[in-house]
Amino acid sequence: LRNAFNEVCSRFDIARVWQNHSEFGDLMRAACREALAPRHAECWDLQLGQVRLEELQENSLVRTQIRKQAQKTEEARKMHAAVRAKTNVSLA
């Protein structure tokens, strides 16, 4: 089972796991089912916990998420300003 999980993990970099956690979870569940089937055991579901990252990786992920959030916030601010300007023109 551990080897099956390691094989799936080796196909994902940490950023991809973060961005596509449902895909990663689906692949891990499939690996669990495949590994347990020859032993006549069944994998109902899988919950991953205590995932530890190197500090450098974690900091990089956090910075990336902060950057993406700042971009979305700026886009929303620009859209808000455009709507406000149109509203002001309509009211004038």
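Just above sits the structure.
Keep in mind that this is a model prediction, so the values were computed, not measured. (Residues numbered from 1 in each chain as written. Predicted model: local features only at pLDDT ≥ 70, side-chain atom pairs only at ≥ 80, totals over all residues. Heavy atoms only, no water.)

## Side note on the packing of aromatic side chains
By convention here, two paired aromatic rings are described through the distance between centres and the angle between planes.
Here is step 1: All chains considered together, the criterion is met by 1 aromatic pair.
Here is step 2: Judged by centre distance (5.1 Å) and plane angle (75 degrees), the ring pair of Phe12 and Phe24 falls under edge-to-face. Here the residue Phe12 occupies a position in the loop between helix H1 (2-10) and helix H2 (14-19), and Phe24 occupies one in helix H3 (residues 21-36), the gap between them amounting to 12 residues.
Here is step 3: The class for Phe24 is buried, based on a relative accessible area of 8%. (Phe/Tyr/Trp six-rings, centres within 6.5 Å; stacked < 30°, edge-to-face > 60°. Helix = DSSP H or I, 4+ residues; strand = E, 2+ residues; numbered from the N terminus. Buried < 20%, exposed > 50% of the residue type's maximum accessible area, 1.4 Å probe, protein only.)

## Considering H3
Here is step 1: End to end, H3 covers 22 Å across 16 residues, agreeing with the expected 22 Å (1.5 Å per residue, within 8%).
Here is step 2: Those residues of H3 that sit buried are Phe24, Gly25, Met28, Ala31, Cys32, Ala35 and Leu36. Within H3, the buried residues cover an arc of 125 degrees as seen down the axis, which keeps them to one side.
Here is step 3: Turning to H3, the residues buried within the fold contact H1 and H2. (Expected span 1.5 Å × (residues − 1). Arc of directions from axis to C-beta. Contact = heavy atoms within 4.5 Å.)

## Observations regarding the pattern of salt bridges
Here is step 1: Enumeration over the complete set of coordinates arrives at 4 salt bridges.
Here is step 2: Arg11 serves as the salt-bridge partner of Glu7, at 3.2 Å between the closest nitrogen and oxygen.
Here is step 3: A relative accessible area of 41% means that Glu7 is categorised as partly exposed.
Here is step 4: Here Arg11 falls in the partly exposed class, since its relative accessible area comes to 44%.
Here is step 5: In the salt-bridge network here, residues are joined through shared partners; they are Asp26, Arg29 and Asp45. (Salt bridge = Lys/Arg side-chain N within 4 Å of Asp/Glu carboxyl O.)

## A few points about unusual backbone geometry
Here is step 1: One non-glycine residue, His40, adopts positive backbone phi at about 60 degrees.
Here is step 2: Mapping His40 onto the fold places it in the loop between H3 and helix H4 (55-91).
Here is step 3: The class for His40 is exposed, based on a relative accessible area of 78%.

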